[in-house]
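Listed here are the chains, written in short residue letters.
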Amino acid sequence: MINKEAVDLAKEIVELDIERDEKWENLAALAGDKAYELLRMIQNS
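In short, a report on the structure. Computed from a predicted structure; not experimentally measured.

**Some words on the pattern of salt bridges**
- According to the stated counting rule, one finds 4 salt bridges in the structure shown.
- Measuring nitrogen to oxygen at the nearest pair gives 3.8 Å for the salt bridge that ties Asp-21 to Arg-20.
- By relative accessible area, Arg-20 is classed as partly exposed at 49%.
- Residue Glu-37 is joined to Lys-34 by a salt bridge in which the shortest nitrogen-to-oxygen separation is 3.6 Å.

Okay, structure coming up:
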């Protein structure tokens, strides 16, 4: 049986994933075809 804490954590991960997708769309709108390059540059700094 899966406990409530695990279910809550799974829901939070799904919400974070949705938020990540929305932020990616915003970044892509702002940075265009350089969005992925910018993201990787920031991750590696």
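Read on, since the account is not over.
**Considerations on the packing of helix H1 (residues 4-31) against helix H2 (residues 35-43)**
- Contact geometry of H1 with H2 gives a least axis separation of 8 Å together with a crossing angle of 115°. Considered as vectors, H1 and H2 are oriented roughly perpendicular to each other. On the side of H1, the interface is formed by Trp-24, Leu-27, Ala-28 and Ala-31, while H2 contributes Ala-35, Tyr-36, Leu-38 and Leu-39.
- By residue class, the composition of the contact of H1 with H2 is 8 nonpolar, no polar and no charged.

Thresholds, definitions, all that
- Residues numbered from 1 in each chain as written.
- Predicted model: local features only at pLDDT ≥ 70, side-chain atom pairs only at ≥ 80, totals over all residues.
- Heavy atoms only, no water.
- Salt bridge = Lys/Arg side-chain N within 4 Å of Asp/Glu carboxyl O.
- Buried < 20%, exposed > 50% of the residue type's maximum accessible area, 1.4 Å probe, protein only.
- Axes fitted to C-alpha atoms, helices over the stretch in contact; angles between N-to-C directions.
- Helix = DSSP H or I, 4+ residues; strand = E, 2+ residues; numbered from the N terminus.
- Parallel < 35°, antiparallel > 145°, perpendicular 65-115°, else oblique.
- Contact = heavy atoms within 4.5 Å.
- Nonpolar A, V, L, I, M, F, W, Y, C, P; charged D, E, K, R; others polar.

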